[in-house]
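Remarks on the overall topology
Given next are the chains, with one letter for each unit.
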There are 2 protein chains.
Amino acid sequence: MRDTFSDLQRSDLATLRAAIRGGAYRGHTAGLGAGYLQANVVILPEPWALDFMRFCQRNPKPCPLVGVSETGDPVMRTLGRDIDIRSDLPAYNIYRDGRLAGTANDIADLWTGDMVAFALGCSFTFEHALIRAGIPLWHVENDTTVPMFRSSIPCAPAGPFRSMMVVSLRALDADRVDQAVAISRRYPLAHGGPVHAGDPSDIGIADIARPDWGDPAPLLPGQVPVFWACGVTPQAAIAAAAPPLCITHRPGHMLITDIPEDAEVPVLAQD
Amino acid sequence: MRDTFSDLQRSDLATLRAAIRGGAYRGHTAGLGAGYLQANVVILPEPWALDFMRFCQRNPKPCPLVGVSETGDPVMRTLGRDIDIRSDLPAYNIYRDGRLAGTANDIADLWTGDMVAFALGCSFTFEHALIRAGIPLWHVENDTTVPMFRSSIPCAPAGPFRSMMVVSLRALDADRVDQAVAISRRYPLAHGGPVHAGDPSDIGIADIARPDWGDPAPLLPGQVPVFWACGVTPQAAIAAAAPPLCITHRPGHMLITDIPEDAEVPVLAQD
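Predicted model only: the values in this text are computed from it and were never measured. (Residues numbered from 1 in each chain as written. Chains lettered and ligands numbered in written order. Predicted model: local features only at pLDDT ≥ 70, side-chain atom pairs only at ≥ 80, totals over all residues. Heavy atoms only, no water.)

This part takes up the interface of chain A and chain B. The interface of chain A with chain B comprises 34 residues on the first partner and 35 residues on the second. Carbon and sulfur atoms supply 55% of the area that chain A and chain B bury against each other, a total of about 2600 Å² over both sides. Counting across the chain A and chain B interface gives 6 salt bridges. In this structure, Glu70 of chain B and Arg54 of chain A form a salt bridge, with 4.0 Å as the shortest nitrogen-oxygen distance. Connecting chain A to chain B are 16 residue pairs in polar contact (both at pLDDT 80 or more). Class assignment for the residues of the side of chain A that touches chain B results in 16 nonpolar, 9 polar and 9 charged. (Contact = heavy atoms within 4.5 Å. Buried area = accessible area lost by both parts, 1.4 Å probe. Salt bridge = Lys/Arg side-chain N within 4 Å of Asp/Glu carboxyl O. Polar contact = N/O pair within 3.5 Å; in protein donor to acceptor, adjacent residues only side chain to side chain. Nonpolar A, V, L, I, M, F, W, Y, C, P; charged D, E, K, R; others polar.)

Residue and element names in this part refer to chain A. Across the sheet, 4 strands lie side by side as β6-β7-β9-β8; this open sheet has antiparallel pairing. Two strands in the sheet have a free side with no partner beyond their single neighbour: β6 (148–154) and β8 (196–197). Both β8 and strand β9 (residues 223–229) contribute to a ladder of 2 bridges, which runs antiparallel. Its bridge partner lying in β9, His196 is registered against Phe227. (Pairing = 2+ DSSP bridges. Helix = DSSP H or I, 4+ residues; strand = E, 2+ residues; numbered from the N terminus.)

This brings us to the domain arrangement of chain A. Quoted interface sizes are often the accessible area lost when the parts come together. All names here are of chain A. Here the domain parsing of chain A yields domain 1 (5–123 + 241–260) and domain 2 (124–233). Here the C-alpha centre of domain 2 lies 22 Å away from the C-alpha centre of domain 1. Across the domain 1/domain 2 interface, buried area totals approximately 2000 Å², and carbon plus sulfur atoms make up 65% of it. Interface area lost by domain 1 to domain 2 is led by Phe55, Lys61 and Ser123, which between them contribute 34%. (Domains from an automatic or database assignment.)

If you rotate chain A by 180° and push it 0.0 Å along the axis, it lands on chain B with an RMSD of 0.0 Å. What we have between these two chains is a two-fold relation. Within chain A, Leu50 of chain A has its C-alpha nearest the rotation axis, a separation of 2.8 Å. Most of the interface of chain A is mirrored in chain B, where 100% of its interface residues are also at the interface. (Least-squares fit on C-alpha atoms with pLDDT ≥ 70 in both.)

This paragraph deals with the packing of aromatic side chains. Evaluation of the coordinates by the stated rule reveals 14 aromatic pairs over all chains. Consider the rings of Phe5 of chain A and Tyr25 of chain A, whose centres lie 6.3 Å apart with planes at 40°: the pair is tilted. Of this pair, Phe5 of chain A sits in helix α1 (residues 5–9) while Tyr25 of chain A sits in the loop between α2 (13–21) and β1 (36–45), and the two are 20 residues apart along the sequence. For Phe5 of chain A, a relative accessible area of 28% corresponds to the partly exposed category. Taking the relative accessible area as the measure of exposure, Tyr25 of chain A reaches 9% and is therefore buried. Both rings, one in Phe126 of chain B and one in Trp228 of chain B, keep their centres 4.8 Å apart while their planes meet at 25°; by these two values the pair is stacked. Of this pair, Phe126 of chain B sits in helix α4 (residues 124–132) while Trp228 of chain B sits in strand β9 (residues 223–229), and the two are 102 residues apart along the sequence. Given the relative accessible area of 0%, Trp228 of chain B is considered buried. Each residue in the set Trp48, Phe52, Phe55, Phe118 and Phe161 of chain A is aromatic and connected to the rest through ring pairs, giving one cluster. (Phe/Tyr/Trp six-rings, centres within 6.5 Å; stacked < 30°, edge-to-face > 60°. Buried < 20%, exposed > 50% of the residue type's maximum accessible area, 1.4 Å probe, protein only.)

Ranked by size, the top nonpolar core spans 62 residues in total, and within it Phe118 of chain A together with Phe118 of chain B carry the most contacts. In this structure, Phe118 of chain B is in contact with Asn40, Val41, Val42, Leu44, Ala49, Phe52, Met53, Leu65, Gly67 and Val68 of chain B, ignoring residues within four places of it in sequence. (Core = buried A, V, L, I, M, F, W, Y, C linked by side-chain atoms within 4.5 Å.)

This is how it looks when you write it as C-alpha cells:
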C-alpha cells in the first residue's frame, strides 16, 4: 500500500496498472492515466452477450462500446498490450439475478470459460475536453460525484435488456452551451453530445436537487441544465434483465486502457 | 417495371422502398434516397452472430455497425419505420460455406427463426460530403465503380472471422487531401478518415492500375492516392469463416434507411 494517489498521478500506465493489479491501489480512477481512455465494464455469461451487445449498439449514447473480449478470454486485446479484466480494475460490483450481491478487488475466482467482458466509454473523456476549453464543471472543482437521474427517454430494447436512459447533469453558463455541445459531439465513444439542454421536466426529471445517483450540484444564476446520456444506463438494463451473474466496475473505479483519449477508433494497431 | 431510375430519384422514401420491395426496381442504389443513410448488409445464423459482431466492433473503420436485428426478426426497427430485410434490398448475394452460391431479389424463402441481420455504414455518406465540399471524385463523375484493393493492414480477428483490410482508392489533388481527411473523419459510421494517403506500396498494394474489385481510375498529375477502409472487408472475413449460410447485399445494391445521413447516431427515436 505504498502507492499514493499523487504518486500514481505521475506514473506511467504500466506502473499504474501494476499497482491496481497487485491490489496496492483500490481507489477511484478520476485523474489517473491522464490522456488515456477509461471505460465502464460489464461482464456477462455468453448466453446474455449477444442481446447485451445489441442493447449497446442500439443505444450508443449511453452505451458506447469500445471493446469486447473473446468468450472466456480475460485479456482485452484491442484495448491494451496487457489488460487482464479479472484484476485490472481497482474494484468490482457483483450482481446476481440483477441485484448487487457483493464487491471485490479481483474476480479471478468468478471468471469462467463462458464469460464475455464489455468495455463502454465514459464521460471523463469529454469532461477533460470541456475543462481544456475553459468550461468549468462544478462537480470536478468541488470533488463530488456528478448528479445522475432516471429520465423519461426510452432506450431501444434488446432481448431482455430494457431501460429508460439514465442521464448526468452539468450546469453550464448559458453562453457556453453551444460550445459544450460542439466539443462533446466530437467524442461519440464518450456519450457524444448532450441529449437535452433546458427544462428538466421535458425529460421527466421533477427536481434536479434530488438526483437518483451521485451528489446534488447547484444551478447558478445564468446557467442552463445540460444533460448527457450516462454510463449507469446499462446497470438499469441489467437490473431489468436479471442475468444470474453480472460483474461490473464499481462506479468511479474504471478500466484504464492504452488507447489515447483522442484516438479515432478505440483499437490498438494490429501487428 | 414502370419505375425508372430518374423517377425514383425524385421519389420519397416510402415510394422508393415500395418499388424495391415489390420487385419493380432491382438496380443499384447510388444516387437514390438522397440525404438518407445507406448500408451494407450481412445476414448470418445466430451461432455466428456474436463473433461477427465482435469482428465489426474491433474493426470499426471497415465495418461500422449501424443496425442489428433481433434474432429471427426481419424488421430492422432502429433503422426505419418499416424496413423488412427480406425484401427491401434490390438484390442479394447468397454465400454457402463462404462461397458465392447464387443471387436473389427477395430472401423470404431463406429467412429462418435463427437469422440475425447486420447493417454496416457505407462510403456514399462521406462521398456526398466530399462532393458538397467541391472535391471531385473521378469514379462518380465517370460512373464507374471505385477501385478496391486487398491491403497488408491486418484486421483484429474475432473467432473464425479474420481478414486483411480491403481499402478503396480515391485520387485527390494534393491541396485537398487535408480537407478530405477532416470531412471524412466526421463520419465514423461511414468508414471515417482515410487509413493511408501516399505510396500504395506502404500498405501492400503493388499496382493501383489493377484493382482487386471495381474499376481502375487514373492518378492525374498533382494527385495523391488516398485509401479508405472498405465495406468489402467483411466479405473477405466471411470467406475465411465459411459459415454454412450467409446472405449479403449485392455490391452497390444497398439498404436505404430512414436515418438522415448527418444523424449523430443511426437510431430512430423511440416512442
